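What follows is the residue order along each chain.
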Amino acid sequence: MAAWSTAVSQNPVKTNLVDIYDAWRDHDLDRLASYLPSDFSHHLNIPIEMVAVGGVRHGKEAAIERLRQIFDSFDTQRIEPGSMNLNEIGASLDVRTSCLHRSSLSWLHTTKKHVWLMEDGWPISLSEFYDLTQFEVFMKGTSEA
């Protein structure tokens, strides 16, 4: 478990999100899915024209399948959640990520914003915000490699 996760309070939102990020880091989709409701939604601000896994996925199965596709294409070497900003409807945080695009062997080092909507301590939606200019340059590099 990451060092930042040792400071988890009794806050169920924070506890659940720490567990989710641990599962994400381990690429354990079954464990990650166990935290998501059937009507979970996952939003990536990356247009599908830029990458097929972009856009919105509605439903736990669709969200988990998208993550499976991402894990198949990208070897995430680091996922480092920052401080969580908690409020009555959810949480937001910056997440530093380093991943290797498997087919091109190109690296993406980025910080993305995660915004979680929560209900009774459990996630109902995740929106991920990437620096689109940086991501577009990265994707062009993967197609040239």
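Everything below is about the structure printed above this text.
The paragraphs below set out a description of the structure included in this document. The model shown is predicted, which means the values in this text are computed figures rather than measured ones.

### A look at the overall build of the protein chain
Link 1 in the chain: The number of helices and strands found in the protein chain is four helices and seven strands.
Link 2 in the chain: What you see in the protein chain, going N to C, is helices and strands ordered as α-α-β-β-α-β-β-β-β-β-α.
Link 3 in the chain: Overall size of the protein chain, expressed as C-alpha extent along the three principal axes, is 50 × 30 × 25 Å.
Link 4 in the chain: In the protein chain, which comprises 145 residues, the proportion classed as buried is 46%.
Link 5 in the chain: Excluding contacts between residues fewer than 6 apart, the proportion of contacts in the protein chain whose partners are at least 24 apart in sequence is 48%.
Link 6 in the chain: When the accessible area of the protein chain is evaluated, it comes to approximately 7700 Å², of which 51% is carbon and sulfur surface.
Link 7 in the chain: In the protein chain, which carries 13 positive and 20 negative side-chain charges, the distance between the mean positions of the two groups comes to 4 Å.

### What to know about the nonpolar core
Link 1 in the chain: Leu17, Tyr21, Trp24, Leu32, Trp116 and Phe135 are the most contacted members of the largest nonpolar core, which has 37 residues in total.
Link 2 in the chain: Counting only elements with at least two residues in this core, the list comes to helix 1 (12-25), helix 2 (29-33), helix 3 (60-73), strand 3 (74-81), strand 5 (90-101), strand 6 (106-119) and helix 4 (132-144).
Link 3 in the chain: No other element matches helix 1, which puts seven residues into this core.
Link 4 in the chain: Dropping the residues within four chain positions of it, Leu17 is found in contact with Met84, Ala91, Trp116 and Met118.

### A short note on the side chain of Arg66
Link 1 in the chain: The topology assignment puts Arg66 in helix 3.
Link 2 in the chain: An unpaired buried charge is present at Arg66: no salt bridge exists, and Glu128, the closest side chain of opposite charge, is 6.3 Å distant.
Link 3 in the chain: Polar contacts involving the side chain of Arg66 include one to the main-chain carbonyl oxygen of His42, which spans 2.7 Å.
Link 4 in the chain: With sequence-adjacent residues up to four places away left out, Arg66 is seen in contact with His42, His43, Leu44, Val53, Gly54, Gly55, Val56 and Arg57.

### Some words on the pairing of strand 5
Link 1 in the chain: Judged by how many residues are buried, strand 5 sits mostly within the fold: 10 of 12 residues are covered.
Link 2 in the chain: Summarising the sheet, strand 3 and strand 5 pair through seven bridges and their orientation is antiparallel. When the sheet's bridge partners are listed, Arg78 is paired in strand 5 with Ser98.
Link 3 in the chain: Of the strand pairs in this sheet, strand 4 (residues 85-87) and strand 5 are connected by three bridges, and their pairing is antiparallel. Residue pairing for strand 5: Leu86 is matched across the bridge by Ala91.
Link 4 in the chain: Linking strand 4 back to strand 5 in an antiparallel pair, the connection comprises two residues.
Link 5 in the chain: With 12 bridges connecting them, strand 5 and strand 6 associate as antiparallel partners. Counterpart to Leu100 in the pairing with strand 6 is Trp107.

### So, the packing of aromatic side chains
Link 1 in the chain: Taken as a whole, this structure holds seven aromatic pairs when the rule is applied.
Link 2 in the chain: The interplanar angle of 35 degrees and the centroid separation of 6.2 Å between the aromatic rings of Phe74 and Phe138 together place this pair among those described as tilted. Residue Phe74 is found in strand 3, and its partner Phe138 is found in helix 4; the two are separated by 64 residues along the sequence.
Link 3 in the chain: Its relative accessible area of 8% is what places Phe138 among the buried residues.
Link 4 in the chain: Every member of this aromatic cluster is reached through a ring pair, and the members are Tyr21, Trp24, Phe40 and Trp116.

Thresholds applied
- Residues numbered from 1 in each chain as written.
- Predicted model: local features only at pLDDT ≥ 70, side-chain atom pairs only at ≥ 80, totals over all residues.
- Heavy atoms only, no water.
- Helix = DSSP H or I, 4+ residues; strand = E, 2+ residues; numbered from the N terminus.
- Buried < 20%, exposed > 50% of the residue type's maximum accessible area, 1.4 Å probe, protein only.
- Contact = heavy atoms within 4.5 Å.
- Areas by Shrake-Rupley, 256 points an atom, 1.4 Å probe, with all protein chains shown as cover.
- Lys, Arg positive; Asp, Glu negative; His and termini not counted.
- Charge placed at Lys NZ, Arg CZ, Asp CG, Glu CD.
- Core = buried A, V, L, I, M, F, W, Y, C linked by side-chain atoms within 4.5 Å.
- Salt bridge = Lys/Arg side-chain N within 4 Å of Asp/Glu carboxyl O.
- Polar contact = N/O pair within 3.5 Å; in protein donor to acceptor, adjacent residues only side chain to side chain.
- Pairing = 2+ DSSP bridges.
- Phe/Tyr/Trp six-rings, centres within 6.5 Å; stacked < 30°, edge-to-face > 60°.

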